[in-house]
Amino acid sequence: MSSEINTGFLKDKRLDTIAADILRPVGITQGFLVWMAFLSISLAGCIYAYYIQCDKGLIVTGLRDYVSWGMYIANFVFFVATSLVGMLISSVLGMIGFKWVKPIARIAEIIAVAFAAIAGLVIVSDMGRPERLPYVFMYGRIQSPILWDVTVVTTYLVLSTLLYFIPLIPDLAISKGRIGHTPKWLQSTYETLSVKWDHTPKQYQILLKLVRILLILIIPTAFAIHTVTSWLFAVTTRPGWDSTIFGPYFLTGAFVAGSAAVVIMMYFVRTNYKLEKYLTDYHFDMMGKLIVLVSIVYLYFNINEFLIPAYKLKTAEAIHLQELFVGEHAFLFWTVQLSGLILPIILLLFKFFRKPFPIFIIGTVMLIASWFKRLLIVVPTQENPFLPRQFVPDAWMVYQPTIVETAITMGTILMAVMIITVLVKFFPVIPIWEVAEEECHTNNDQPKV
Amino acid sequence: MKKRYLSLLLIFVITLRLSAQQEWIVPAENLSKLSTFAFSDSTRKAGMNLYITNCKSCHGDPGKNNVIKLVPPPVDPASDRMQANTDGGMYFKISQGRMPMPTFKNILSPTDVWVVISYLRSFNPKYAQEVAPKVLTGAMVQNVKIHLNWLKEKDQVQAVVSGTKDKIEQPVAGAEVKLFAKRYFGNLLIDEARNTDAQGQVLFNFPKDLPGDSTGYVQLLARLSDEEAYGESKSETTLQIGVPTYKPPLNEQRAMWNVVQKTPIWLLLSYTFTVLAVWAFIFYVLFQIRAISKSGLSKDQDTID
């Protein structure tokens, strides 16, 4: 993102076309109401499940003495992982100078905001006594990775929200006169949120500076958020978690999950909002190549993570690996590794599979696989502790998720989808000014203002 | 490969089985040993306290068969197998021990062992105690006392044993005395068992490197071996004769495992600095949004286009 901007696009007629295209789906439509009603009713069921859990305690879940982290913590890792893609697309690729990320940067930021916001709630779902949440701040120890995690998740959420909001300001100003078809309150929201933006060069100057600060700041924060999440596991000596590469292993896995989520959302936006002109086959093609890159890096860390313990075969590690490779969890393990990692790498090497619909299907499979991958990181380790399992009922020795906790987990996903829906439906999902500037700048040689 | 593991495992299991089945043979002369005092409610109560401190961690609650998993397994005190022992057999087993049961002869005095047995017998309704006939010893001393002195120049501990005979206090000669230093997990025998001379005195060589508490104090315990003859006689004294040892408690200094007030300085600084630095930028960005708002065009001016 350059520090100077050519505001010539504001006088260009093409801005009107672009704004009209992108703003057309904005507002309350019947489809939106039906979809939100569906989400709300489903969420109500999940909230009832959470009510049961608050009332009866964690006994209504499959969590017991040995496996005390189950679906909830796996879900938490999944949410944090998926949210990291905001940093990858906007910061890393954007600052290197890839122009193709401009139309999809906001999609990535929406995913970052929605998933980071819900990640905090997911942790609360794992608490038997959620009313003790303030104790984290009252009695928390700086020495504990849990406190570091709370700190970085909050910071990342604030940074992602700012990185979503600040580039949105010029768009709100452009849009406010052009959304006559939307309700009054939405128009006045635009008026307030656009903070008296008048497209002055000085304002653009400040805005670009702020975006640059945020883009740089979010890189170490994003690294911290997922590295610290991995430390929650890696600071213990348990087989499967006792690993020095857990930080990069989680980070690279996060890029895989996040990129898949971006592709899925791109596809929905493109087809539902008829934005084929802006989210072109080229963008899907580039995302496909990006997925191959991040998947190969992740595969490399997977090989490290399993090959080294498998070569040494320390007793506890051997039991753990046996459970994953040929034991209880083998079917899930190989399904996840094949469908979420190896097959996508191979398929996406071919141009055909990088077309919107095929890559949407591949992305969906990858995202589901990455959720189960987190479950495979969290659960099998706890089923094989160092000390013998004894004096508990047989059912407590393995983890069997219940309907209640599945419903609560579904609820957190529904909430993330709701946030995404609201942001996508009420605000321009593709940066109007950046796309317009790009278009006018490359085609016209306007004098700089 | 698999076969070899299997056969190894088999050998291991068979060895365990064999050793588990091996009977614990008590030498015949020890079988008929009897307590010199009658078991009563007070001995049973004292025995229960000793049992809870010394035995319960392996033998569990009598009658509940919640023994710890060891090979060979500990026996529940209320079980028939345990109660089939004679009093002397129990006394021998508790005093001597065998793998994996530790020896208690340095931890419990002979009287203590009998007190424990009195508690164990309370789980056997058919048990009727047989008390040893009073043995008249030649000495016939009563109120035996042991006095401990530290002979600094010789690095020796002197024990002086005296008792009353015919209402006159006089030294006890020819009695075997054992000296112990109290440690965390039992008593440590110092030097070896020695007999008193005609003056009732006995000298023990004391090691120069025995760790004491933070100021060098060591708790000493002297006991006569033949409690049947002299009655229960023990003496505890604390002398400043050990090497001063100060082990700071693990929660005294700043450490990762300590409370938040004792966070390591490096961690406190790096956490605080990082959080403040990042949030300083965030607040800067928030304030700059105000600046954006202020640098818009004033109302009377027209927009740029």
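Residues numbered from 1 in each chain as written. Chains lettered and ligands numbered in written order. Predicted model: local features only at pLDDT ≥ 70, side-chain atom pairs only at ≥ 80, totals over all residues. Heavy atoms only, no water.

> How would you explain the state of the cysteines if you had to name every residue and give the values?
All chains considered together, the criterion is met by zero disulfides over all chains. No disulfide involves Cys46(A); its sulfur sits 14 Å from that of Cys54(A), the nearest cysteine. (Disulfide = S-S within 2.5 Å.)

> Give a description of the domain arrangement of chain B that names residues and reports values.
Residue and element names in this part refer to chain B. For chain B, the assigned domains are domain 1 (20-121), domain 2 (142-239) and domain 3 (260-294). With centres defined by C-alpha atoms, the gap from domain 1 to domain 2 works out at 27 Å. Counting residues at the interface gives ten residues for domain 1 and nine residues for domain 2. Taking both partners together, domain 1 and domain 2 bury about 800 Å²; carbon and sulfur atoms supply 42% of that area. Put simply, domain 1 and domain 2 have zero salt bridges between them. Linking domain 1 to domain 2 there are one residue pair in polar contact (both at pLDDT 80 or more). Of the residues that constitute the side of domain 1 that touches domain 2, the class distribution is three nonpolar, four polar and three charged. (Domains from an automatic or database assignment. Contact = heavy atoms within 4.5 Å. Buried area = accessible area lost by both parts, 1.4 Å probe. Salt bridge = Lys/Arg side-chain N within 4 Å of Asp/Glu carboxyl O. Polar contact = N/O pair within 3.5 Å; in protein donor to acceptor, adjacent residues only side chain to side chain. Nonpolar A, V, L, I, M, F, W, Y, C, P; charged D, E, K, R; others polar.)

> So what about the packing of helix α3 (residues 71-83) of chain A against helix α11 (residues 246-272) of chain A? Which residues, and what values?
Residues and elements named next belong to chain A. Here α3 crosses α11 at 75°, and the two axes come no closer than 7 Å. Relative to α11, the element α3 is oriented roughly perpendicular. Where α3 approaches α11, its residues Val77, Ala81 and Thr82 are matched on the opposing element by Phe250, Ala254, Ala257, Gly258 and Ala261. Broken down by class, the residue content of the contact of α3 with α11 amounts to six nonpolar, two polar and no charged. (Axes fitted to C-alpha atoms, helices over the stretch in contact; angles between N-to-C directions. Helix = DSSP H or I, 4+ residues; strand = E, 2+ residues; numbered from the N terminus. Parallel < 35°, antiparallel > 145°, perpendicular 65-115°, else oblique.)

> I'd like a description of the nonpolar core, backed by residues and values.
Nonpolar side chains in soluble globular proteins tend to be buried together. Phe9(A), Ile89(A), Tyr156(A), Ile166(A), Phe233(A), Met287(A) and Val429(A) are the most contacted members of the largest nonpolar core, which has 164 residues in total. Val429(A) has contacts with Ile22(A), Pro103(A), Arg106(A), Ile107(A), Ile110(A), Val269(A), Tyr273(A), Leu275(A) and Val424(A), leaving out every residue within four places of it along the chain. Core analysis: the next-biggest nonpolar cluster, separate from the first, contains 25 residues, Leu148(B), Ala159(B), Val218(B) and Ile241(B) among them. (Core = buried A, V, L, I, M, F, W, Y, C linked by side-chain atoms within 4.5 Å. Buried < 20%, exposed > 50% of the residue type's maximum accessible area, 1.4 Å probe, protein only.)

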